[in-house]
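# Survey of secondary and tertiary structure
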Amino acid sequence: MKKILVFAGTTEGRLIAKRAGELCLDCYVSTATEYGKEILGHIEHVNRMSGRMEVSQMCAFIWDKKIELVIDATHPFAREVTENIQKACRKADCEYVRCLREKEEEDSGGGMKVFASVREAAAFLKDTKGNILLTTGTKELKEYRRIPGFEKRCYARVLSTVSSVKQAAELGFEGKHLIAMQGPFSKEMNIALLRQVKAAYFVTKESGQAGGFQEKRQAAEETGTELVVIRRPREEGKNLAEVLEYLAYLAKVPD
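Calculation notes
- Residues numbered from 1 in each chain as written.
- Predicted model: local features only at pLDDT ≥ 70, side-chain atom pairs only at ≥ 80, totals over all residues.
- Heavy atoms only, no water.
- UniProt positions renumbered as here; feature names shortened; annotations may be inferred.
- Helix = DSSP H or I, 4+ residues; strand = E, 2+ residues; numbered from the N terminus.
- Expected span 1.5 Å × (residues − 1).
- Buried < 20%, exposed > 50% of the residue type's maximum accessible area, 1.4 Å probe, protein only.
- Contact = heavy atoms within 4.5 Å.
- Polar contact = N/O pair within 3.5 Å; in protein donor to acceptor, adjacent residues only side chain to side chain.
- Pairing = 2+ DSSP bridges.
- Axes fitted to C-alpha atoms, helices over the stretch in contact; angles between N-to-C directions.

Under the annotation held in an unreviewed UniProt entry, the protein chain carries the name Precorrin-6A reductase and is attributed to Faecalicatena acetigenes. In its Pathway (unreviewed entry) section, the UniProt record describing the protein chain reads: "Cofactor biosynthesis; adenosylcobalamin biosynthesis."

## Points about helix H10 (residues 240–252)
Its 13 residues place the ends of H10 19 Å apart at the C-alpha level, agreeing with the 18 Å of an ideal helix rising 1.5 Å per residue. Taken together, the buried positions of H10 are Val243, Tyr246, Leu247, Ala248 and Leu250. Looking at the buried positions of H10, the neighbouring elements they touch are strand E1 (3–7), helix H1 (11–22), strand E4 (69–72), strand E5 (95–100) and strand E12 (238–239). Put simply, Asn239 is the residue that caps the front of H10, since its side-chain oxygen is 3.2 Å from the backbone nitrogen of Ala241.

## Examining the sheet that holds strand E8 (residues 154–158)
Reading across the sheet, the six strands line up as E6-E11-E10-E7-E8-E9 and stay open at both edges, with parallel pairing between neighbours. Unpaired on one side and paired on the other, strand E6 (112–115) and strand E9 (178–180) mark the two borders of the sheet. Going from strand to strand, the sheet's axes swing by 20 degrees on average, the running direction of each strand aside. When E6 meets strand E11 (residues 226–230), the two strands line up parallel, connected through four bridges. Across the sheet, residue Phe115 finds its bridge partner in E11, namely Ile230. Where helix H5 (residues 118–125) meets the sheet, its contacts fall on E6, strand E7 (131–134), strand E10 (199–205) and E11, and the angle it forms with E11 comes to roughly 150 degrees. Sitting on the sheet, helix H7 (residues 162–170) touches E8 and E9, and the angle it makes with E9 is about 175 degrees.

## Some words on the environment of Gly149
Tracing the sequence through the fold places Gly149 in the loop between E7 and helix H6 (150–153). A residue is classified by how much of its surface remains accessible, and Gly149, at 38% relative accessible area, is partly exposed. As a C-alpha pair, Gly149 and Lys126 span 23 residues in sequence and 9.4 Å in three-dimensional space.

The structure is reproduced here in structure tokens:
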């Protein structure tokens, strides 16, 4: 039976880890943070670990544990992490599978602006008026500082971790303009928050069903808020159902 390493930190990663445990596969699951590890919870037959790894560390782990398959179920916007995992797998001569998040339906018009990057979205928002709810993550918050009066116009919803809150505060998002919550969120929760901050714009990433994108879109439509979407990078790989099916296949393959 192949030894498997799953890079998780997403809903897909948790489901893959859970299925690997159910199938009694020899599996390690890696998350970038201890918080991500805690969300995984205890999974029978699965070895959990946390901490970011450089390419050299990934290679060393793959060689040391004799890993034969790496499943990359990291966030679709974590491009640098995915590139590092791919480099490590090529160097270690290990099979690599990218788990893709499902595609969104194309916009049929009406209240949605789509951009290739957070920087482009922030450039657009510079010339607008009204409050802005930001849900694109802590790492990109610095881009919104380009918006005149961002301290009063922008409300940042970030993960409820000490590091996320600290980083956001250091960038100038404080008090009622900093909202720390763990998603994904229901349509009703999004509607309540949009109304609470009197948002004219709702900024999000094309995060798929696992990231609550449809609930955000519906909330924006119902409140008359303009949705600003950061398009997901295009990739090749297997969807979640295909990855789970592959795990089931591996569980049946004799040693």
